[in-house]
Structure formats: structure tokens, C-alpha cells
Amino acid sequence: MALAQDATLMTVPTPRPIVVVGIGADGWDGLPATSRNAIEEADVVFGSVRQIASVRSHCTETRTWPSPLLPNLRSMLDAYEASLVCVLASGDPMFYGIGVTLTREFGAERLRVHPAPSSVSLACARLGWALQDTPTVSLVNTPIETLLPDLADGRRVIVLSRGSSTPGEVARMLSGNGFGDSAMTVLEQLGGPAERVVRGRARDSTFEGVDPLNVVALKCVRDPDAPRHGRIPGLADSAYTGDGQMTKQEVRALTLSALAPAPGELLWDIGGGSGTIAIEWMRTDRSCRAVTFESSQARREQIERNALHLGVPGLIVHHAAPESFGGVSGANAVPDAVFIGGGLTGADMLGACWKAVRSGGRVVANSVTAESDSLLLTAAAEYGGQLRRFQIYRGEPLGVFTTWRPQLPVTQWSAIKP
């Protein structure tokens, strides 16, 4: 006789929510009742040394973050998966805060967020600035040059500092880039009992002894003789250093128009030269990303220098295309647009770029030789798209008169991949 065997269904417990509480410089005293309850009810509270010190007497158990945090974040929280976890965040957790990282790691449905006013909200409140009209640049985990694209005469900008040295670094960067007369306001310990405001002019101030918990408010003033570097493509050729291998200003503007960058999109720039196309793609919006491919080591180095000087240090530089395509991974794996400005010597390059770009993405290629022109004609016949030809003339002196000097004519093919 067959014996019946009962099967026991194993259920996997659902992870408990992660409660994220924003806390200001005023610590426990500044928290509303809901945030206080979340901390008191938690089995364990995570936070920085400063944050934990302000609430420790109200916690069952506390853990301070290690350095570096990100490689250890998942394992630390997973160890308390069955517990009620509370994570402390500075100000608004979803404004350049740890709430964004936790959402990316665990999903929004796992979080319960209790925001506090952000340091930017408090700074604008103190200064009387309209929050919605004031751009914010975070230098917490990025080079100081990241601020450069946001500088414009008369503009107000809030800078999130990484520590006490940031205001002085910003002052030196402003002075070295034609904004030495800019007014700087350093706001320390905003919302706390030790709140302090320090003011100065960039070229005259070092901001020594600043509290590590600070934000910097800028009222930008451009020096009269300083070059203007706007976000609209077509920067002056003199904005770049190197061996002169670049897409020139007028053609660059037309090329970026054909590439049509949109926020968050990724460009692959083939034959980077001086990096002009990739750099100006990234300058159009802070979220635009780019990878450039260049066979010459000297030019790869000059691309990196130009990218840093023009405020887009996040530009990724690879070796020659298409051999290096396989080395691109992660968020930079599938481009929204590809520009071929160099290395257009065979149909295999066009085919590799067409294969790499996403469906609905754009491919744009420029040519200045008859041999490359024939490749573009073949590409247009195979893939469709548009062909254009540009002839740029620049006015130059001829004795006491002015004459028109022609630049090399440029053939351009652009197409959208179905």
C-alpha cells in the first residue's frame, strides 16, 4: 500500500520595511513625532557618527556606517532583514541622499521615508532665494570641476560640500576660471544651534576653519575679459587644448544638432580627437553621458584634460573602435546615439556602430575625404537617413581688407535606426 506523504510548504519571510528618517543639524529636538516614533520603534538604527550621537538615547541598538559605505551597505542591512531597521539621513533622504541609494539597492516599495527639510531648502530660506529657480550642484562625490558648466554671469547656485575644504576649493576654482568677483556665502550647521553664516568674495577668501557640515551659495560674477562657455553646443575652438584634431566650432554645432542630445542619454563618440563632441554633448544636460573611443594615447590624455577643464570629468575614454566596443559595460553599454568623426576608413566601422546603437537611436558620421564620402553614400543607400554637405567660410585679413577663407567641406550622414 502506498503511503501518503504530507508536503510542508516552505514560505520565505517577506523582508521588513526599511524606515528612512531625515534628520537635521538640530538632531532629535528638530524631529516631528512620526520620525521620533520610527526611531524609537526600530530594532536597530543606522547612521553616521554625528547622527547616531544625536539620537542614541532613544535607540534600542545603533550601528554607524563604515567607510567606504557602498560596498558594505547591502550586507549590513541584509544581516537585519528580519528586524525593523531605521536609517538616518541628512535632511531630505531623496535629495542627493542615502534614500536614493537605498531605492536603487532595495526598491522603492521596501522603503518608508520620513523627509526633513534639505540643506538647500534651508539655505534658500535664509537667503530669500526662490528654491525652484536655484540649481544645485553636489560636490560630495565628484570633482570640483563639475561646477563649471553651471557658472554664468548673474546666476545663483547652491553647492553641496563634501567637507570643510570645499568652500576654499570653490573659491580657488572660481578665481581661476574668470569668476573671481563672485559672492560666496557659506552656511554652516543649518537649522542647528551652532548655525553660522560666513561671506566673502571668491578671489579674496580662503574660508579656513569652516565647519564640515556646510553648503555654499554663489552669486556668480564673470570677469569682463573671461571667455564665455555656455551649454549650447558650439564652444570656441580656443576652449580646447591639444593638437588641433577636432570638429571645428560651426560643424560641431551642426553635428550636435543632428545628434539631438536629450537628458539622460548616452553618446558613443568614435575617433574622439580632442573630445569636443562628447564634451559638448555632456554639457547640454547634467544627466547626459558619453563614452569616447580614441586610438592615440596622447589624444586620450588630451580628451581627459579637456573634459576636466570644461566641467565633465565623468566622460569615459576607451581605446580604438570598434575593437574596444566589448569593453563597454553597465549603464554605458547601449548608446542612444553614435557619432563617427574619425576612423571612417571602412564599411566595417559603420556596420559596427549601426549594430551597437539602440533601436530608435541616431547615428551621425562626418567626412572630409572622397573615400569616406563614398562610404557615407553606401550607408545612406543601405540604412536610409539624410545626407548633407557643409562649406564654412571664415572672414580673415587680406592686407588691409577682409577675405573669406574656406574650411574643408564636410559631408554628413545621419540616420535613425528602426
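Residues numbered from 1 in each chain as written. Predicted model: local features only at pLDDT ≥ 70, side-chain atom pairs only at ≥ 80, totals over all residues. Heavy atoms only, no water.

Caption draft 1: Summary view of the layout of surface pockets. As a volume, the second largest pocket reaches approximately 830 Å³. Lining the second largest pocket are 39 residues, with Gln245, Met246, Thr247, Gly341 and Gly342 positioned closest to its centre. For the lining of the second largest pocket, the secondary-structure elements that each account for two or more residues are α7 (249-259), β11 (266-270), α8 (276-283) and β15 (362-367). Tallied by class, the residues present in the lining of the second largest pocket amount to 15 nonpolar, 19 polar and five charged. (1 Å grid on protein atoms, 1.4 Å probe; cavity = no way out; pocket = protein on both sides within 12 Å on 5 of 7 lines; lining within 4 Å. Points joined across faces, edges and corners; volume = space filled by probe spheres on them. Helix = DSSP H or I, 4+ residues; strand = E, 2+ residues; numbered from the N terminus. Nonpolar A, V, L, I, M, F, W, Y, C, P; charged D, E, K, R; others polar.)

Caption draft 2: Just the pattern of salt bridges, in detail. Evaluation of the coordinates by the stated rule reveals 23 salt bridges. When the shortest N-O distance is used, the salt bridge between Arg201 and Asp204 registers 2.7 Å. Residue classification places Asp204 among the exposed positions, given a relative accessible area of 53%. Between Asp373 and Arg389 there is a salt bridge whose closest N-O contact spans 3.3 Å. With Asp373 in helix α11 (residues 370-383) and Arg389 in strand β16 (residues 386-390), the pair connects residues that are 16 residues apart, well separated along the chain. According to the relative accessible area criterion, Asp373 is buried, its value standing at 18%. (Salt bridge = Lys/Arg side-chain N within 4 Å of Asp/Glu carboxyl O. Buried < 20%, exposed > 50% of the residue type's maximum accessible area, 1.4 Å probe, protein only.)

Caption draft 3: Structural detail: the sheet that holds β11. The strand order β13-β12-β11-β14-β15-β19-β16 describes an open sheet built from seven strands, whose pairing is mixed. Each of the sheet's edge strands pairs with one partner strand only, and the pair in question is β13 (316-318) and β16. Geometrically, the sheet is characterised by an average inter-axis angle of 15° between neighbouring strands, direction not taken into account. (Pairing = 2+ DSSP bridges. Axes fitted to C-alpha atoms, helices over the stretch in contact; angles between N-to-C directions.)

Caption draft 4: Spatial organisation of the environment of Thr101. One can find Thr101 in helix α4 (residues 98-106). Residues within four places of Thr101 in sequence aside, it is in contact with Leu70 and Leu73. (Contact = heavy atoms within 4.5 Å.)

Caption draft 5: Spotlight on the sheet that holds strand β10 (residues 214-219). Spatially, five strands are ordered β6-β7-β10-β8-β9 in an open sheet, and the strand pairing comes out mixed. Two strands bound the open sheet, and with one partner strand each, they are β6 (136-138) and β9 (196-201). Neighbour to neighbour, the strand axes of the sheet diverge by 20° on average, direction disregarded. The strands touched by helix α6 (residues 166-176) within the sheet are β7 (156-160), β8 (183-188) and β10, with β8 carrying the most contacts at an inclination of about 170°.

Caption draft 6: The arrangement of the nonpolar core in detail. Ranked by size, the top nonpolar core spans 25 residues in total, and within it Trp268, Ile270, Phe293, Val338, Ile340, Leu350 and Trp413 carry the most contacts. Among the elements that line this core, the one with the most residues is helix α10 (residues 347-356), at five residues. Setting aside residues up to four positions removed in sequence, Ile340 forms contacts with Ile270, Met349, Leu350, Cys353, Val363, Val364, Ala365 and Asn366. Leu256, Met282, Ala307 and Leu315 belong to the second largest nonpolar core, which has 23 residues in total. (Core = buried A, V, L, I, M, F, W, Y, C linked by side-chain atoms within 4.5 Å.)

Caption draft 7: Local environment of the packing of α10 against α11. Between α10 and α11, the least distance of the axes is 10 Å, while the angle of their chain directions is 40°. When the axes of α10 and α11 are compared, the pair comes out oblique. As for how α10 packs across α11, the hand of that crossing is right-handed. On α11, the residues touching Ala347, Leu350, Gly351 and Trp354 of α10 are Leu375, Ala379 and Tyr383. By residue class, the composition of the contact of α10 with α11 is six nonpolar, one polar and no charged. (Parallel < 35°, antiparallel > 145°, perpendicular 65-115°, else oblique. Left-handed = near helix turned anticlockwise from the far one by under 90°.)

Caption draft 8: A look at the pairing of β7. In terms of burial, β7 is a largely internal element, four of the five residues being buried. In the sheet, β7 pairs with β10 via five bridges, with the strands oriented antiparallel. Bridge pairing in β10 places Val157 opposite Leu218.

Caption draft 9: Representation of the UniProt feature "domain: Tetrapyrrole methylase" (unreviewed entry) in the protein chain. Taking the numbering used here, the UniProt-annotated feature "domain: Tetrapyrrole methylase" (unreviewed entry) corresponds to residues 18-203. Regarding residues 18-203, the helix share stands at 29% and the strand share at 23%, and the terminal C-alpha atoms are separated by 46 Å. (UniProt positions renumbered as here; feature names shortened; annotations may be inferred.)

Caption draft 10: Spotlight on unusual backbone geometry. In the segment running from Ser67 into Pro68, the intervening peptide bond is cis, with an omega of 5°. Looking at the element boundaries, Pro68 is found in the loop between β3 (62-64) and α3 (70-78). Put simply, Ala321 and Pro322 share a cis peptide bond, and its omega is -5°. Turning to its location among the elements, Pro322 is positioned in the loop between β13 and β14 (337-340). A positive phi angle is found at Tyr96, which is not glycine, with a value near 55°. Mapped onto the fold, Tyr96 is located in the loop between β4 (85-90) and α4. Although it is not a glycine, Gln189 adopts a positive phi angle of roughly 50°. Here Gln189 is to be found in the loop between β8 and β9.

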